[in-house]
Amino acid sequence: MPPSVLSDQTPRSTYSAQANDPPIGTVPPMGSFGAVASTDQSSTASARNQKALKPIIVSLQQVSKLYGKSSKALDNVNWQVRQGDFWFVTGPSGAGKSTLLKLLYGAERSTHGDVLVNSHNLSRIKGNKMSLLRRQIGVVFQDYKLIPRRTVSENVAFVLWAQGFTRKEIHRRLLPTLRMVGLHDKANRFPDELSGGEQQRVSIARAIVGTPPILLADEPTGNLDVHNSWQVIKILKKLNSIGITVIITTHDEQLVRMSNHPVVQLRDGRLHQMRDWELGRT
Ligand SMILES: Nc1ncnc2c1ncn2[C@@H]1O[C@H](COP(=O)(O)OP(=O)(O)OP(=O)(O)O)[C@@H](O)[C@H]1O
Ligand SMILES: [Mg+2]
C-alpha cells in the first residue's frame, strides 16, 4: 500500500450514487456498528410480513457453470436471496460452493442462465460497472488474504483508499469497524503477530469497512478452532442484524445445525434447500 493511504494525497471518490442506481438497502451509516437494528414491529406476524416484503437481492435463474467443456461445477441452479437474509451454503468438497460465490462477486461468469445481484445481471454486465458492483459486495476467504507487511489498520484502510475515500472518511470508518470485530487494540499489529481467529476478523473488517449491503464468506471458519469459529459467526450475525445480507459456505455441520439460519446444500453442482429435520435440528 502506498504511504499516501493515510495522508491527504488520497484521490477523490470516483463513485457517487447515481439516480438510476438500485437501492443499496438498509445498511446503516458507518459508526453505528454495535447498534442492533430497531424493531418496532409489535407482533411476530407483522415482522414476518415485513420480511416477506424484503426485495430479492440475489437471484440465480437456471444457472450452470462449466469449467472447460466437460467439468460442470453448477448444474441448473435456481435460488433467491432476500435483502437481510442469512444463508448457509453447504456441501462436500468439489460440490460447487466456491464457484457459486465466485459468480456472485463476479470472479467467474455463468455458462448458462442469469445471475442477478442488486438488480444487475452479472451475466451481461460490462467491466466498469462490474467493478462498481463489486464495491457493494464484501468477500471473506478461508485463508484471510491479508497483506503481510501492512498493519491491521492499513489492511482495512487499503480498500477504502483504493476506492478513493478521503483520509478523513477513512479515519472515521476505521475505528468503529475495528471495534466491531474486537480488534481496536491491535490496530498497529502485523498479520503474523495475530492468531488465525484475529486474522480472520481483520479480513471481515476489511470486507465491511465500505458498508456493502452483501457479505459473502467462503469457508471463513475453515482454518479456525471451535471457539474462533463461533466468534466469527457471532460477528456475521451481528452484521446481519444491522441489515447486511450474509451468505456463508461451510463444511462445518455442527455450526450449521446449531444456527437457526436457512441452509442450501450443493451436491454435484445441484442446489437443494435443506429442511430442519435433514440437518438434525431440533
Ligand atoms: N478454475 C477451475 N478450472 C477447472 N475446474 C474448476 C475450477 N474451479 C473449480 N473447478 C471444479 O469445479 C468443481 C467445483 O469446485 P468448487 O471450488 O466450486 O467446489 P467447492 O464446493 O468450493 O469445494 P471445496 O469444499 O473443496 O472448497 C470441482 O470439480 C472443481 O474441480
Ligand atoms: Mg470451496
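Look up: the structure comes first, before these words.
A few words now on the pairing of strand E4 (residues 112-117). One ladder, built from five bridges, connects strand E1 (residues 56-67) with E4; its direction is antiparallel. Its bridge partner lying in E4, serine 64 is registered against histidine 112. In the sheet, E4 pairs with strand E5 (residues 120-121) via two bridges, with the strands oriented antiparallel. Pairing of leucine 116 across the sheet is with asparagine 121, part of E5. Where E4 hands over to E5, the hairpin turn is made up of two residues, of which asparagine 118 adopts a positive phi near 50°.

Attention now moves to the site of ligand 1. Inspection of the region around ligand 1 gives Tyr67, Ser71, Ala73, Gly91, Ser93, Gly94, Ala95, Gly96, Lys97, Ser98 and Thr99 as its neighbouring residues. Within the residue set of the shell around ligand 1, elements represented by two or more residues are strand E2 (71-82) and helix H2 (97-104). The element best represented in the shell around ligand 1 is H2, accounting for three residues.

Our next topic: unusual backbone geometry. Positive phi outside glycine occurs at tyrosine 144, with the angle close to 65°. In this structure, tyrosine 144 sits in the loop between strand E6 (137-141) and helix H4 (152-162).

Below, the discussion takes up the packing of H4 against helix H6 (residues 196-208). Interaxial distance between H4 and H6 falls to 8 Å at its minimum, and their mutual angle equals 25°. On the basis of the axis angle, H4 is roughly parallel to H6. Crossing hand, H4 versus H6: right-handed. Seen from H4, the contacting residues are Val152, Asn155, Val156 and Val159; seen from H6, they are Val202, Ala205 and Arg206. Looking at the contact of H4 with H6, its residues break down into five nonpolar, one polar and one charged.

Residues Leu104, Val156, Ala205, Leu215, Leu216, Leu236 and Val246 are the most contacted members of the largest nonpolar core, which totals 61 residues. For leucine 215, the contacting residues outside a window of four places in its chain are Gly138, Ala207, Ile208, Leu239, Ile244 and Val246.

Looking now at the packing of H6 against helix H7 (residues 226-241). For any two helices packed against each other, the geometry comes down to the angle between their axes and how far apart the axes lie. For the pair H6 and H7, the least separation of the axes is 9 Å and the interaxial angle reads 15°. For the element pair H6 / H7, the angle class is roughly parallel. H6 and H7 meet at a crossing whose hand is right-handed. Of the residues in H7, those in contact with Gly196, Gly197, Gln200, Arg201, Ile204 and Ile208 of H6 are Asn228, Gln231, Val232, Ile235 and Leu239.

On to the sheet that holds strand E10 (residues 270-273), then. Strands sit in the order E6-E7-E8-E3-E9-E10 across an open sheet of six strands; the sheet is mixed. Strands at the two margins of the open sheet, each flanked by one partner only, are E6 and E10. Each neighbouring strand pair of the sheet contributes to a mean axis angle of 20°, computed without reference to strand direction. Bridge analysis of E6 against strand E7 (residues 214-218) gives five bridges, and the strand direction is parallel. The residue of E7 that forms the bridge with valine 140 is alanine 217. Lying over the sheet, H6 contacts E6 and E7, oriented at roughly 165° with respect to E6.

This part is about the sheet that holds E5. The four strands lie next to each other as E2-E1-E4-E5, forming an open sheet whose pairing is antiparallel. Whereas interior strands pair on both sides, the edge strands pair on one side only; in this sheet they are E2 and E5. In this sheet, E2 lies alongside E1 in antiparallel orientation, the contact comprising eight bridges. Bridging across to E2, lysine 65 finds its partner in leucine 74. Strands E1, E2 and E4 of the sheet are contacted by H2, whose axis makes an angle of about 120° with E1.

Time to look at the environment of arginine 134. Within the secondary structure, arginine 134 is located in helix H3 (residues 127-134). Each C-alpha atom of the pair arginine 134 and valine 117 lies 10.0 Å from the other, and the pair is 17 residues apart in sequence. Ignoring anything within four residues of it in the chain, the contact list for arginine 134 reads Tyr105 and Gly106.

Definitions and cut-offs
Residues numbered from 1 in each chain as written. Chains lettered and ligands numbered in written order. Predicted model: local features only at pLDDT ≥ 70, side-chain atom pairs only at ≥ 80, totals over all residues. Pairing = 2+ DSSP bridges. Helix = DSSP H or I, 4+ residues; strand = E, 2+ residues; numbered from the N terminus. Near = placed C-beta within 6 Å. Axes fitted to C-alpha atoms, helices over the stretch in contact; angles between N-to-C directions. Parallel < 35°, antiparallel > 145°, perpendicular 65-115°, else oblique. Left-handed = near helix turned anticlockwise from the far one by under 90°. Contact = placed C-beta atoms within 7 Å. Nonpolar A, V, L, I, M, F, W, Y, C, P; charged D, E, K, R; others polar. Core = buried A, V, L, I, M, F, W, Y, C linked by C-beta atoms within 7 Å. Buried ≥ 20, exposed ≤ 12 C-beta atoms within 10 Å, placed from the backbone.

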